[in-house]
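Chain by chain, the residues:
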Amino acid sequence: MPFHWSSTLLRKGIPGSGLIRSLTQKSIPFISSILRVQESEECLTIETNNSESYSYPFLWLRDNCQCPQCFNSSSQSRSSFLRDLPPSVKPSAIQVKGSGLKAQITWNDGHESTFESQWLLDRVFSDHVDKQVGKRSEPTVWDASYKSTLMTFDYEEILTKKSTMLEWLQSLDTMGLTMISGMPPEVKSLPTLIEAVAFPRSTHYGQYFEVIAKAQPNNTAYTTSELSLHLDLPYYKYKPGTQFLHCIKQFEGQGGDNRFVDGLKIAQILARSEPKHWNTLKTVPVTYWDYGSEDMVGRYLKFNSVPTFELDRSGRRIHRINYSDQVRASHQNVPLAQVTPLYQALIAFSQIANSPQNCFSLKLSPGQCVVFDNLRVLHSREGFTQSCGNDHEPQNDLNGGPQFPKSRHIHGAYIDWDEIESRMNVLKLEKQD
C-alpha cells in the first residue's frame, strides 16, 4: 500500500483563475471559447473549442455565483448563504456571450449569474484532472543515507530571496527535514526567521523555548539525559506542525548529538513486514500526557489518546504520527486484551526507528538550525555531562529559576503547517506575477 502525506485545501475564495493554475500540481490548458452548452437534469455541460466537455451541477453553480450580491470580491468570500439556496434550483435560460468567453445563466427565481469560461475550466470536476488547490507535494521517504544529501539552505538567502525561501519550504514539505546554515548564534535570530515565514505557534512552553539543562526541570529536554526518538507534544490534540531547533551553543564533549528518522519509512517497513503490528498502530490509541507549571500559563495538565499512525478519511494517507517514550502515560484507555499487542507493536516501531539503516546522528554546530515536520519526523538527543568546575553549580535564569550554566543551548519554536502552506501558496502566486 503506498503512503501519501495529507493535503490541506485553501478554505478561502480564490482571487482569479491564475492562482488556481499556479497552485495545482498539473497544468490545466487554457481555452478561448465555449462552443455550446447543454442541460441535463442536474448539470450544465459546456463544450469547448478544444473538443472537451465539462459538467457543473446547478447547485454548485448557483452557490458560486460571482455577482456582487453573492460574492464579495474585496474579502474573496461568499455573501450568499446555503439556507437561502433552493435545492431544486435550475436555469430558465442559458446564453453563451462574449464570443464564447462567458456563460450567462438566468435562474428559475429570476437571479442571473455570469461565469467566465476560464473560471469554469479551472474548477472542473473531471476525475482525470488533478486540481487540488494548494496540494502538498508527494513525500520523498528517506533512510539514514539522507544525511549525506540533507537539504541545506543559507539563512541570509532565505531572508532576502523569495525564490530561496520557496525552495526551502518546498524541500521541507517533500523531505520533512532541512538544515539552515549561517544563522547567527543569538536568540534574536530564530524570531527573525520565524516571522519572515509567518508567526510562532504558542504552547504552554511559550512562543519560543530554551533547551538548556536546569537544576529542577519540568521537561526531560531540560536535562542532560538521553531523549529517545519522539515527536513533540503528542498530548496536544492539534499539535504543532513544524519544529525549529537553532543551536546557539553546543556541548563540546561527547554527547549532545541529535538523531533523526523518517516516520513514513517506519510505516512502510511495518506495513510490508509486520502487518499485524501496522494494523495495531493505526487503530489502537496510545495515551500521552504532560503535567507541570510554566510562568505563562501556570499549572497545566493535558491528555490525548491517539493511534501511533493517524490516517485521513481515505485510509491511505498518513496524516500524523504520534510517539514519545517520555510522555506516554501510565493510564492507557485500551481494553486489557489490547495492552500486550499494543506494547509489542510499539517495541517493533521503536526497534525499526532506531535501526542504523533508518536513523542518522547529527551534532549541530552554533549557527545551524534544523527544521523538520513534527507530524512525520522523529528526533532524539544523546545524553551528555556538564563540564567540570562551576558548570555543576546551578545559577538563576532570567525568570529567577535555577539552571546550569549553558554548556549546550538550543533555541526552539514551532510553526503550524497551515501557515507554511499559506506562505508557499503566496510565494508561488508572486512567482507567477
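Predicted model, so just to flag it, every value in this text is computed and none were measured. (Residues numbered from 1 in each chain as written. Predicted model: local features only at pLDDT ≥ 70, side-chain atom pairs only at ≥ 80, totals over all residues. Heavy atoms only, no water.)

1. Focus: the sheet that holds strand β20 (residues 359-362)
Point 1. Read from one edge of the open sheet, four strands run β13-β22-β15-β20, paired in antiparallel fashion. What marks the edges here is a single partner per strand, and that holds for β13 (227-230) and β20. When strand polarity is set aside, the average angle formed by the axes of neighbouring strands in this sheet is 15°.
Point 2. Both β13 and strand β22 (residues 377-381) contribute to a ladder of two bridges, which runs antiparallel. In the strand pairing of β22, L227 is matched with R381. (Pairing = 2+ DSSP bridges. Helix = DSSP H or I, 4+ residues; strand = E, 2+ residues; numbered from the N terminus. Axes fitted to C-alpha atoms, helices over the stretch in contact; angles between N-to-C directions.)

2. Structural notes on the nonpolar core
Point 1. One finds L177, F260, I266, L270, F309 and F349 to be the most contacted residues of the largest nonpolar core, which totals 54 residues.
Point 2. By residue number, the principal contributor to this core is helix α9 (residues 336-353), which donates seven residues.
Point 3. When near neighbours in sequence (up to four residues on either side) are disregarded, F260 contacts W142, L177, N358, C359, F360, L362, V370, F372, V377, L378 and H379.
Point 4. Y155, L193, V197 and F244 belong to the second largest nonpolar core, which has 26 residues in total. (Core = buried A, V, L, I, M, F, W, Y, C linked by side-chain atoms within 4.5 Å. Buried < 20%, exposed > 50% of the residue type's maximum accessible area, 1.4 Å probe, protein only. Contact = heavy atoms within 4.5 Å.)

3. Describing the side chain of R408
Point 1. Relative to the helices and strands, R408 is located in the loop between β24 (402-403) and β25 (409-415).
Point 2. Comment: no salt bridge for buried R408; closest opposite-charge side chain is D257, at 7.4 Å.
Point 3. Among the polar contacts made by the side chain of R408, one reaches the side chain of Q250 at a distance of 3.1 Å.
Point 4. At 3.0 Å, the side chain of R408 forms a polar contact with the backbone oxygen of G256.
Point 5. The residues contacting R408, other than those within four sequence positions of it, are V211, I212, K249, Q250, F251, G256, N258, R381 and F384. (Lys, Arg positive; Asp, Glu negative; His and termini not counted. Salt bridge = Lys/Arg side-chain N within 4 Å of Asp/Glu carboxyl O. Polar contact = N/O pair within 3.5 Å; in protein donor to acceptor, adjacent residues only side chain to side chain.)

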